[in-house]
Amino acid sequence: MLYRIVTLIGALVFVAALFGLIWFFCKKFLEHHGVKDQVSERATALATWTFAGIAIGLVFAVVGAFVLGPWAFYRTLLGHDVNVSSGAAIWWGFGIVAVSLAITAASFMGFLMLVGAY
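Residues numbered from 1 in each chain as written. Predicted model: local features only at pLDDT ≥ 70, side-chain atom pairs only at ≥ 80, totals over all residues. Heavy atoms only, no water.

**Looking at the side chain of Thr-76**
The test is simple: The way it works is that DSSP assigns letters per residue, a run of H or I at least four long becomes a helix, a run of E at least two long becomes a strand, and they are numbered from the N terminus. Buried residues are those whose accessible area, probed at 1.4 Å on protein chains only, stays under 20% of the maximum for their type, while exposed residues exceed 50% and partly exposed ones sit between those limits. Whenever two N or O atoms come within 3.5 Å, that pair is a polar contact, provided that in protein one can donate a hydrogen and the other can accept it, and provided that, for residues adjacent in sequence, both atoms are side-chain atoms. Two residues qualify as a contact provided that any one of their heavy atoms is within 4.5 Å of a heavy atom in the partner residue.
If you trace the backbone, Thr-76 turns up in helix α3 (residues 62–77). The buried category is assigned to Thr-76, whose relative accessible area is 14%. A polar side-chain atom of Thr-76 sits 2.8 Å from the main-chain carbonyl oxygen of Ala-72. Not counting residues up to four positions away in its chain, the partners in contact with Thr-76 are Ala-45, Leu-46 and Trp-49.

**Some details on α3**
Note the threshold: To estimate the expected span of a helix, subtract one from its residue number and multiply by 1.5 Å.
Over its 16 residues, α3 extends 23 Å from the first C-alpha to the last, a length consistent with the 22 Å expected when each residue adds 1.5 Å. By the burial criterion, the buried members of α3 are Gly-64, Ala-65, Gly-69, Pro-70, Ala-72, Phe-73, Tyr-74, Thr-76 and Leu-77. Along its buried surface, α3 packs onto α1 (2–32), α2 (39–60) and α4 (86–115).

**A word on a nonpolar patch on the surface**
Worth spelling out the cut-off: Patch rule: a residue counts if its relative accessible area is over 30% and it has no salt bridge; like charges are joined within 9 Å, and nonpolar side chains (Val, Leu, Ile, Met, Phe, Trp, Tyr) within 5 Å. Only the protein chains shown count as covering a residue, and every accessible area follows the Shrake-Rupley method with a 1.4 Å probe. Any Lys or Arg side-chain nitrogen found within 4 Å of a carboxyl oxygen on Asp or Glu counts as a salt bridge.
A contiguous nonpolar patch, built from Met-1, Ile-5, Ile-9 and Val-13 and spanning about 430 Å² of accessible area, is present on the exposed surface. Structurally, Val-13 can be placed in helix α1.

**Things to note about the packing of α1 against α2**
Note the following rule: Only the stretch in contact is used when a helix axis is fitted, and all axes are lines through C-alpha atoms; the angle between N-to-C directions ranges over 0 to 180 degrees. Here is the rule for angles: anything less than 35 degrees is roughly parallel, anything more than 145 is roughly antiparallel, 65 through 115 is roughly perpendicular, and the remaining ranges are oblique. Helix crossings get a hand from a simple test, with the near helix turned counterclockwise from the far one by less than a right angle marking a left-handed crossing and a clockwise turn marking a right-handed one. Only Asp, Glu, Lys and Arg are considered charged in this grouping, and only Ala, Val, Leu, Ile, Met, Phe, Trp, Tyr, Cys and Pro are considered nonpolar; every other residue, Gly among them, is considered polar.
Their axes nearest at 8 Å, the elements α1 and α2 cross at an angle of 130 degrees. When the axes of α1 and α2 are compared, the pair comes out oblique. Taken as a pair, α1 and α2 cross one another with a handedness that is right-handed. Contact residues: α1 offers Val-15, Leu-18, Phe-19, Ile-22, Trp-23, Cys-26, Lys-27, Phe-29, Leu-30 and Glu-31, while α2 offers Val-39, Ser-40, Arg-42, Ala-43, Thr-44, Leu-46, Ala-47, Thr-48, Thr-50, Phe-51 and Ile-54. In terms of residue class, the contact of α1 with α2 is made up of 14 nonpolar, four polar and three charged.

Encoded structure:
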């Protein structure tokens, strides 16, 4: 029973870490493209919708996260007046989603091995 509680708490921590990684990468993306006004707030909005796209995509199928996440990133980016083409925005979104999910998944697998659940 203790392993289940530890695993559940660990999973919640890693969900928060996933959002933090997405926010960090969105902020770096905006800074890279010259956004200087309200970068943190814009990164939060961009990360929130990207995270929502990933979450909904994961519910339907794991591959859906790699479709809905970048699409949500692109749609949210349209409202932020960032000088980047549509295709580049989708690829940037895909990269942010892929790297964030890869880091989080690898870390969570390490956590599961550490507590003996895997």
